[in-house]
Each structure stands twice: as structure tokens, then as C-alpha cells.
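# Coordinate analysis (summary)
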Amino acid sequence: MKHVIIGGSAAGMSCAETLRRLDPKCEITIISDEARPFYSRCLTSYYIAGKIGERDMLLRDPGFYEARRLDLVMGKKAVSVDPRKKAVVLDDGSEIPYDRLLLATGGRPKLPDIPGAGKLGVFTLRTWDDAVAISERAKAARKAVVVGGGLIGMKVAGALRDAGLEVRVVAASGRVLSQMLDDVAAAIARRLLEAHGFAVDTRCDVVEIEGDDEVRHVRLQDGRRVDADLVVIGKGVDPEVGLAKACGARVGRGIIVDEHLKTSVPDIYAAGDVAEAYDMAWGEPRVNAMWTAATSQGQVAAHNMAGIPTRYPGSVGMNSIDICGVPFISMGVVSPRRDRDGNGYVELAQRRAGNWYRKVVLKDRVICGAIFAGVVDKAGVVLALIRARARRDDAPERILADDFTYATFMDVIDEKGRYFQEGGKRNVQRIMQGGY
Amino acid sequence: MKEVFVRLARCVGCRQCEISCALVHSESRDIHQAVWERPLPRQRVRVTREGSEYYPLRCFHCEDAPCIGACITGAMHLDEDVGTVACDTTRCVGCWMCVMVCPYGSIRIHEGQKVALKCDRCPDEDEPACVRGCPTRALLVKERALVV
Ligand SMILES: Cc1cc2nc3c(=O)[nH]c(=O)nc-3n(C[C@H](O)[C@H](O)[C@H](O)COP(=O)(O)OP(=O)(O)OC[C@H]3O[C@@H](n4cnc5c(N)ncnc54)[C@H](O)[C@@H]3O)c2cc1C
Ligand code: SF4
Ligand code: SF4
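Residues numbered from 1 in each chain as written. Chains lettered and ligands numbered in written order. Predicted model: local features only at pLDDT ≥ 70, side-chain atom pairs only at ≥ 80, totals over all residues. Heavy atoms only, no water.

Quick look at the overall build of chain A now. Assigned secondary structure in chain A consists of 14 helices and 26 strands. Relative to the 2.2 N^0.38 estimate, which gives 22 Å for 436 residues, the radius of gyration of chain A is 23 Å and therefore close to what a compact globule would have. Overall, chain A is about 60 × 60 × 40 Å in size when its C-alpha atoms are taken along their principal axes. Looking at the 436 residues of chain A, the share that counts as buried comes to 56%. Considering only residue pairs separated by 6 or more positions, chain A has 61% of its internal contacts joining residues 24 or more positions apart. Taking the average place of the 63 positive charges on the side chains of chain A and the average place of its 58 negative ones, the gap between the two points comes to 3 Å. (Helix = DSSP H or I, 4+ residues; strand = E, 2+ residues; numbered from the N terminus. Rg over C-alpha atoms; globule rule 2.2 N^0.38 Å. Buried < 20%, exposed > 50% of the residue type's maximum accessible area, 1.4 Å probe, protein only. Contact = heavy atoms within 4.5 Å. Lys, Arg positive; Asp, Glu negative; His and termini not counted. Charge placed at Lys NZ, Arg CZ, Asp CG, Glu CD.)

Here's what the structure looks like:
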């Protein structure tokens, strides 16, 4: 059996490693257009901040690929897939045949057509190379403008501030982290940012980037012109669906996959940021671009590719971010009135002194989303509750009062607590935790 | 593989396991000195009460552990020799992805150092400190295979 994987990051690598574990004999080829071995994309902002060095970016030891007999084709782009011939064509014209193919091509930053976006000193952040270029520029720069108040925008803003720059965040929506937080939590985040010296403009956009060859100023929608010698654009990510589209696979926002992560083309699977798989909180397919979902989808795809039918239970869109030392976690449906008409959803929230905030969102009395600010340590228990989709009428009250633990909801979360009690249930099936 | 099991009926909620855990993870490992350490030594097992029962909650060292799949640095990893899920705090950046996905709330945040703290099942001890500290033997170490 010959497996070919396009994309050697979270989804591709977890698939490759799982395939090797399941089948010591199969052939595995990983094609990556990046000229670097497996590294952590999520650490690129920490790299810019100077908190993470070369060595800690890499997630596997040298020699890892060889020890597991993974054939890594680095620095080459897959330009097309021929599903009839069952082969992948690379940019140097060579062909790689496959029995099973995984598309783990991730995403690409959206590039809004702001005049002047091609100038020197204007970046997006997706790859380690981007991070190297940004930190090079940051060495001599003083003032940065981050276009976009989403997760990546906020991470870059924090990193540039750590690197010693003055930072302005310009967000088009009415609040920062608009996908992840609601108004109250976003207001807490904004206050923190401003107290720590960030300039924040919401309901605003950059309309032009000015300078000769290099960026010198940016012009804002409201007419203001601010100095900037470094601009990072973080306006979201588009799934890299080109290959899939060209070979006839069904594509929505991402590549549409079934519960076995199979695409509509035989023997082709998809996983990670490029895949549109089932979302448990919304109850419909969605692209959930996050590391956890990419690794577990890679594992599930590997099982199916190896001929072990395995269902992907779905993911819950979620994120965690630290704003000026205060942790924020959000999961599932957090703003039903903005994202939908809000019908059938109930939102309950609790605010305490300091930066403490908590919210749960229910649909049909079942929890489908939550926000934690300030204290986040039991967020995972709530995620388990969302994933279990079980009704527990005391749950909202106890979560908001911070009066709960896993023991409170053990009956609806899983049997593990009992399995670890002596004399508890015997012969409990091995509990699969995968599928996050 | 060895595992820590709980006999719930025996737990009286005395929190000796918490104290033993904090102590074994302190600098001095001496209770009289440990109380003066800053930051205070933290326990990784937590005793909670639910109705009339006490639950000593700790990391289950899951197979297919979600915290490992979520970790963006590789700090959270499987220690293959002993079958535990361990956190290399020197690599941890405090992103709390692991906290977000642990279904059991087993990961604590070290506010001072901004790293993830969890049960390491006391790799340097003969017996985990919580088990040793438990006066009612509510916690005990057993071969996993014997119970399942
Ligand atoms: C700055 C930043 C911070 C982030 N922080 C977090 C975080 O804290 N937590 C979290 O959960 N997620 C975070 N994410 C998101 C996370 O990085 C992604 O969800 C994850 O990397 C997805 O993995 P993937 O394997 O699906 O895709 P990717 O990591 O995008 O990998 C796809 C790979 O395929 C390659 N490729 C694409 N097309 C081709 C082709 N035709 N031929 C060959 N190779 C190709 C790409 O170059 C790339 O190397 C962050 C992302 C960024 C950019
Ligand atoms: S920290 Fe949580 S998810 Fe990780 S192994 Fe322990 S119980 Fe499992
Ligand atoms: S907090 Fe540390 S151990 Fe947890 S996921 Fe982040 S880097 Fe990994």
C-alpha cells in the first residue's frame, strides 16, 4: 500500500505517524512545499516575540523521518492530482503514484486588496519564513500596525509589543476577537490591551498603505494617517482547496468530507484546516482551523486510509489566548444572535470583579458554547459536556458559579472516573479520547 | 502498566493526598520550609465533594490523550517507558490549549511561571506521593490489566 500525503504539518504529520504505527510495512510519502521539516505553526508569533528559538520551533528530532521510514519531499509543490491515474504531479514535473491520498494542505492568509499592500514591510503571518521576515524587519522598526483583530492579529500584536514596538490594532468589526468573544469579554480584552499601551481602533479599516518602496504610513478609513514601518495583515485564512477543486472533489468553504474524512473522490481523504468536517456545537459541517482538530483528523484519516473504518465524531471550534497575562478560552457557539438569528438559543453569563467573566450558551437546554475569561482551569470539563450533548439542567448554574468539577458531570461525560475506581465497572471498553 | 486507582467509599476528604503531592513537588520537600516557598508548591490532585461523596481527582494518563494532540509546542508528551502523560515545563509556553481540552480538569495553571502543571505520577518515587500520603488507602497503585 502506498500512501501519499500533501502537506507536512499538523494534519499531515499526525496522519503519517499514525499510518506507520498501524502498518509497519506500507510506503508513506509526504510532500511539502515548505523547505522546513515539521515545525509548530502556532509558535510563529512566539518566535517573533523572541520567546522561542530555532530548536524549539521544530516538533520532531532530526532523524525522525528516517527512523519511521517516512519519505519526505521538501520544497516541492504538488500542482495537480490525477484521480484516474492515481498520481500526484509536482512542480518539477515528476509524478508520484498513490493508492490512498491525503490532502492536508491547510490554509492561506486572505489578502484584501489594500492599495500599497505590496510595499516592503507589509506581511502576513502563516509560515516560519514569514515569522523570520517579520522579526528581521522588527529589529529596525518602531511602529507597527496590525490589520485585523482576530486571533492571529492579536497574537502578532502581542509578539511585536514583546519585541519592543509600538503597536496599533485596526479591526473592522465592532470588537476585538469578534469570532471568539462576545461584547463583554471583548471589552475586557480591549481594556487590557489599552492599559498595556496598545492602540486599538474598532469599526475601522486601513484604506491605503503609503510610502515609496517601503511602508511609512497607513491611512485609516476615518481619514487619519498614522506612522508605521511594519504592517501585518491578519484578515483571516482561506482553506487551500485548489488541488481538490481541480480534481473534481466537492468543495464548500473547505473540502467537504464524510464522517470517515473521505472526499467525494475515491481514495482521497482530507484533514486539518483545509477540511470541512462535522462541527458538534453547530451540528453541521464547518472549517475549524485549529491545531487540535488537525492532529485528530489526521489520526482518524490514517485509520481509514489503512483500512480500519473509524468515524470522526466531529470537532468543536475553540480557542485559547492570553491577553496581557489574562487567559481567555472560548468554545462552540458564543454569539448566536450575531452568527444566526439567535432563535432557540439561550445565553447566560456571570461577571465578577477583575477580569473574571463566564458565559454559557444553550440550545434546547443543552450546552453548545462557553466563554471563560480570567479563570479557565476547568474549561475542558465544559468542552466535554458540549461534546457529550447531554442535558443536565443544573449545569449552567454550577458552571457560572464556578462550583463544578469533572465529578459533577461524570455521569454524562464518560465512564473513565468509574473505570479508575477499584471494583467499578469491569470490562469497560477502552475509552477513545481521540477525535478532538 | 501501573495505574492509580481510587476506592471512593474510603475517601474521607482529608486532603492528605493534596499535601503530599504539593510537598513532593516543592523545592525543599520539607513541610516546614515548603509553606514559605514562593510561589507556593502546588498539588496536582484535587479533592472535591459532590453530594455526600469525596472525589480525589487526578490525571488519568489517557491513552490517545487529548492534551497531547492539542499541545502546540510538544511539551505535553507520552513518556513511553512508564506510560504516563508528562509535561516538559521548559518547552511549555502557557497557551492553555491542553487546559481547554482535558475533559477531567486535570491540568492546573502555574500563575507565576505561566506553565501547565499536572500529575507526573512521581517518576522518582517508589510510589506516587498521593498514594503514600492517603491514610485510609483510598488511593492505591495497581496493574491496569488486573482491574479491566
Ligand atoms: C500565527 C498562528 C498562530 C496559531 N495559533 C494557534 C493556536 O494557538 N492554537 C491552535 O489550535 N491553532 C493555532 N493556529 C492554527 C494552526 O496553526 C492550524 O490549525 C494548523 O497548523 C493546521 O494544520 P494543517 O496541517 O491542517 O495545515 P497547515 O499547518 O497549514 O499545513 C499545510 C501545509 O501544506 C503545505 N501545502 C499547501 N499546499 C501544498 C501543495 N500544493 N504542495 C505541497 N505542500 C502544500 C503548506 O505549505 C503547509 O506547510 C495558529 C496559526 C497561526 C498562523
Ligand atoms: S491531563 Fe487530562 S487529557 Fe491529559 S492525560 Fe491527564 S486526564 Fe488525560
Ligand atoms: S500550556 Fe504548555 S503544555 Fe499546555 S498545550 Fe500549551 S504549550 Fe502545551
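Now for the pairing of strand E25 (residues 357-363) of chain A. All names here are of chain A. Taking burial as the measure, the 7 residues of E25 include 6 buried ones, the bulk of the element. Sheet topology places strand E24 (residues 345-351) next to E25; 7 bridges connect them, and they run antiparallel. Along E25, the bridge assignment pairs Gln350 with Arg358. Counted between consecutive antiparallel strands, the loop separating E24 from E25 contains 5 residues, among which Gly354 sits at a positive phi close to 70°. Bridge count for E25 against strand E26 (residues 366-373) is 7 bridges, and the pairing is antiparallel. Its bridge partner being in E26, Tyr357 is matched across the sheet by Ala373. Between E25 and the antiparallel strand that follows it, E26, lie 2 residues; Asp364 among them carries a positive phi value of about 50°. (Pairing = 2+ DSSP bridges.)

With that settled, consider the sheet that holds strand E3 (residues 70-74) of chain A. Residue and element names in this part refer to chain A. Strand order in the open sheet made by the 5 strands is E3-E2-E1-E7-E19, with parallel pairing throughout. Only two strands of the sheet have a single partner each, and these edge strands are E3 and strand E19 (268-270). Strand-to-strand twist in this sheet, taken as the mean axis angle between neighbours without regard to direction, amounts to 20°. Bridge count between strand E2 (residues 27-32) and E3: 5 bridges; the pairing is parallel. Residue pairing for E3: Ile31 is matched across the bridge by Val73. Relative to strand E7 (residues 100-103), helix H9 (residues 291-305) is tilted by about 165°, and along the sheet it contacts strand E1 (2-6), E7 and E19. (Axes fitted to C-alpha atoms, helices over the stretch in contact; angles between N-to-C directions.)

What follows concerns the state of the cysteines. As enumerated under the stated definition, the model contains 0 disulfides over all chains in all. Looking at the unpaired Cys15 of chain A, the closest cysteine sulfur is the one in Cys26 of chain A, lying at 9.4 Å. Judged by relative accessible area, which is 0%, Cys15 of chain A ranks as buried. Of all cysteine sulfurs, the one in Cys17 of chain B lies closest to Cys11 of chain B, which takes part in no disulfide; the gap is 6.6 Å. (Disulfide = S-S within 2.5 Å.)

Turning our attention to the environment of Arg203 of chain A. Residue and element names in this part refer to chain A. On the secondary structure map, Arg203 appears in the loop between strand E12 (199-201) and strand E13 (206-210). Separated by 150 residues in sequence, Arg203 and Ala353 have C-alpha atoms that sit 28 Å apart. Look past the residues within four positions of Arg203 in its chain and what remains in contact with it is Ala171, Ala172, Ser173, Gly174 and Gln221.

Residues and elements named next belong to chain A. Strands sit in the order E18-E20-E21 across an open sheet of 3 strands; the sheet is mixed. Edge positions in the sheet fall to strand E18 (255-256) and strand E21 (284-286), since each of these pairs with one other strand and no more. As judged from the 3 bridges shared by strand E20 (residues 275-279) and E21, these two strands associate in the antiparallel manner. Residue pairing for E21: Tyr278 is matched across the bridge by Pro285.

The subject of this paragraph is a nonpolar patch on the surface. The grouping of Ile19, Ile31, Val35 and Trp36 of chain B at the surface amounts to a nonpolar patch, some 420 Å² of accessible area in total. Overall, the relative accessible area of 67% leaves Trp36 of chain B in the exposed class. (Patch = residues over 30% accessible without salt bridge, like charges linked within 9 Å, V, L, I, M, F, W, Y side chains within 5 Å. Areas by Shrake-Rupley, 256 points an atom, 1.4 Å probe, with all protein chains shown as cover. Salt bridge = Lys/Arg side-chain N within 4 Å of Asp/Glu carboxyl O.)

Take the site of ligand 2 next. If you check the shell around ligand 2, you find 14 residues, and the closest are Cys59, Cys62, Cys67, Cys102 and Tyr104 of chain B. Of the residues in the shell around ligand 2, the class split is 11 nonpolar, 2 polar and 1 charged. (Near = heavy atom within 4 Å. Nonpolar A, V, L, I, M, F, W, Y, C, P; charged D, E, K, R; others polar.)

This part is about the interface of chain A and chain B. A common way to state how big an interface is: give the accessible area lost once the parts meet. Of the residues lining the interface, 49 residues belong to chain A; the matching set on chain B comes to 41 residues. Carbon and sulfur atoms make up 59% of the area that chain A and chain B hide from each other, which totals about 3900 Å². Where chain A meets chain B, there are 3 salt bridges. Counting across the chain A and chain B interface gives 13 residue pairs in polar contact (both at pLDDT 80 or more). Contributions of two or more residues to the side of chain A that touches chain B are made by helix H3 (54-57), H9, strand E22 (318-323), strand E23 (326-332), helix H11 (379-388), helix H13 (406-413) and helix H14 (416-419) of chain A. Taken together, the residues of the side of chain A that touches chain B break down into 25 nonpolar, 14 polar and 10 charged. (Buried area = accessible area lost by both parts, 1.4 Å probe. Polar contact = N/O pair within 3.5 Å; in protein donor to acceptor, adjacent residues only side chain to side chain.)

This part covers the packing of H11 of chain A against H13 of chain A. Residue and element names in this part refer to chain A. With their axes 10 Å apart at the nearest point, H11 and H13 run at an angle of 20° to one another. By the angle class used here, H11 and H13 are roughly parallel. Judged by the sense of rotation from one axis to the other, the crossing of H11 with H13 is left-handed. In contact with Val381, Ala384, Leu385 and Ala388 of H11, H13 contributes Tyr406, Phe409, Val412 and Ile413. For the contact of H11 with H13, a count of residues per class yields 8 nonpolar, no polar and no charged. (Parallel < 35°, antiparallel > 145°, perpendicular 65-115°, else oblique. Left-handed = near helix turned anticlockwise from the far one by under 90°.)

This brings us to H13 of chain A. Residues and elements named next belong to chain A. The element H13 is largely enclosed, with a buried count of 6 among its 8 residues. What H13 keeps buried is the set Tyr406, Ala407, Thr408, Phe409, Met410 and Ile413. Its side-chain oxygen at 3.1 Å from the backbone nitrogen of Ala407, Thr405 defines the N-terminal cap of H13.

Bringing the confidence of the model for chain B into the picture now. Model confidence for chain B is summarised by a mean pLDDT of 89, while 97% of its residues fall at 70 or above. Across chain B, the element-wise mean pLDDT spans from 53 in helix H6 (residues 144-147) of chain B up to 97 in helix H4 (residues 97-101) of chain B. (pLDDT = per-residue confidence, 0-100.)

Residues and elements named next belong to chain B. Looking at the assigned domains, one finds that chain B contains domain 1 (1-58 + 122-148) and domain 2 (61-118). The distance between the C-alpha centroids of domain 1 and domain 2 comes to 19 Å. Contact residues are listed per partner, giving 9 residues for domain 1 and 14 residues for domain 2. Note on domain 1 versus domain 2: buried area summed over both sides is about 1000 Å², and carbon and sulfur give 44% of it. On inspection of domain 1 and its partner domain 2, the count reaches 1 salt bridge. Salt-bridge contacts for Glu111 lead to Arg42; the nearest nitrogen and oxygen are separated by 3.0 Å. At the boundary of domain 1 with domain 2, the tally comes to 4 residue pairs in polar contact (both at pLDDT 80 or more). Grouping the amino acids of the side of domain 1 that touches domain 2 by side-chain chemistry returns 2 nonpolar, 1 polar and 6 charged. (Domains from an automatic or database assignment.)

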